[in-house]
Amino acid sequence: MVKIGVQQPPAALKPEKEKEKAGGDGAAGTVLLPPGALPRESVFHCGVLYEDSVYSPFKGQLELHEDVKIYIEENYEQINVPVPQFGGSDPADIIHDFQRGLTAYHDITLDKCYVIELNTTIVMPPRNLWELLVNVKKGTYLPQTYIIQEEMIATEHVSDMEQLGSFIYRLCSGKETYRLKRRSARRRISRREAGNCHRIRHFENTFVVETVICKKS
C-alpha cells in the first residue's frame, strides 16, 4: 500500500478556489484546480510497503519513505530518500531530467554523484507521476507492491558538469561525479564484488527499484 501526503502549491500558484472549511461539496483542505490546469510544482511525502522475496525473504513487509518534488513545466522530478529503516541501502537525492534524458543519483553516504541515461521504462514522466500520486492521495490505494533491481558500473569521471544541465549541475556541483553503465547481462553479484557496491532503493512508479552501483573492477 502506498501512503501519500501532498503539499499545496505556493501562494502565488494557488488554484482559483480552495475549500477552507468542511461542508458544501468537499472536505476540509480540498484543492480544486481549474479544468486542464496543473500546478507548476508539487511536493509529495510518500511511503510504500513492499516485499523483497530475494534479499529479505524473512523480514515480511518492508517500508520505504521518500519525498517527491514534481516540476511539470520544467519536465523533471527530484526525489529525496532519507536514511532507510532497514540496512543495506543508502540515503540519496535523485533527479530525473526528461529534457536532457538523464538521471543523476547523489549517494549521500559517499557524497558522490552518478549519472546515466534516463530509463523511461522504469521512471514515469512528471505529469504521469503527478496524476498517480494525486489519485493515491484521493484514496485509490495501490496494493502492496514489489521490488526490481538494476545493476550499474561506474565508469569515467565527469569533468564538464555544465553539459549535464542546470538541474543536475545544482545537485552534483562540487562532488565527484561519474558516468554509469548498465550491466549488459544479469548475473549474481559475487561476495567480493558486493563490497564494492552500494544500493539505493527508491520509487517513481508503481513498484520499488533497487539501483546497485558498483565500482569498476
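Preceding block: the structure.
Reading the values: rules and limits
Counting restarts for each chain, with residues numbered from 1 along the sequence as it is written. Thresholds applied to this predicted model are a pLDDT of at least 70 for local features of residues and 80 or more for the giving and counting of side-chain atom pairs; totals over whole chains, interfaces and linings are not thresholded and use all residues. By convention in this description, side-chain values take in all heavy atoms of the structure and omit both hydrogens and water. Residues enter a nonpolar core if they are buried and are Ala, Val, Leu, Ile, Met, Phe, Trp, Tyr or Cys, with the set joined through side-chain atoms within 4.5 Å. Remark: exposure states derive from per-residue accessible area (1.4 Å probe, protein chains only) relative to the maximum for the residue type, with buried under 20%, exposed over 50%, and partly exposed in between. Put simply, DSSP H or I for four residues or longer makes a helix, DSSP E for two residues or longer makes a strand, and each gets a number counted from the N terminus. Any two residues whose heavy atoms approach within 4.5 Å at even a single point are treated as in contact. Two rings belonging to Phe, Tyr or Trp (six-membered ring only in the last case) form a pair when the distance between their centres is within 6.5 Å. Interplanar angles under 30 degrees mark stacking, angles over 60 mark edge-to-face geometry, and anything in between is tilted. Under this definition, polar contacts are N or O atom pairs within 3.5 Å; protein pairs additionally need one hydrogen-donor-capable and one acceptor-capable atom, and for neighbouring residues in sequence, both atoms have to be side-chain atoms.

Participant: Explanation requested: the nonpolar core in the structure shown.
Facilitator: Note that soluble globular proteins tend to have their nonpolar side chains buried in a common cluster. Formed by 33 residues in total, the largest nonpolar core has its most connected members in F44, V68, I70, Y105 and L180. Broken down by element, this core gets its largest block of residues, six residues, from helix α1 (residues 126-137). Every residue in contact with V68, bar those within four places of it in the chain, is listed here: S42, V43, F44, C46, Q78, I79, L129 and L133. Membership of the second largest hydrophobic core comes to 14 residues, among which are I95, A104, V158 and I168.

Participant: Teacher, can you tell me more about the packing of aromatic side chains here?
Facilitator: Think of a pair of aromatic rings as described by two things: how far the centres are apart, and how the planes are tilted against each other in angle. A complete count under the given rule lists four aromatic pairs for this structure. Note on Y71 and Y76: the rings are 4.4 Å apart at their centroids and 5 degrees apart in plane angle, and the pair reads as stacked. You'll find Y71 and Y76 in the same group, each marked buried.

Participant: What is the right way to read the side chain of N205 from this model?
Facilitator: With respect to the helices, strands and loops of the structure, N205 is situated in the loop between β12 (197-202) and β13 (208-214). Note on N205: relative accessible area 14%, which makes it buried. From its side chain, N205 meets the backbone oxygen of I122 in a polar contact 2.8 Å long. Separated by 3.5 Å, the side chains of N205 and T206 make a polar contact. Once you skip the residues sitting within four places of it in the chain, N205 turns out to touch T121, I122, V123, M124, L129 and L132.

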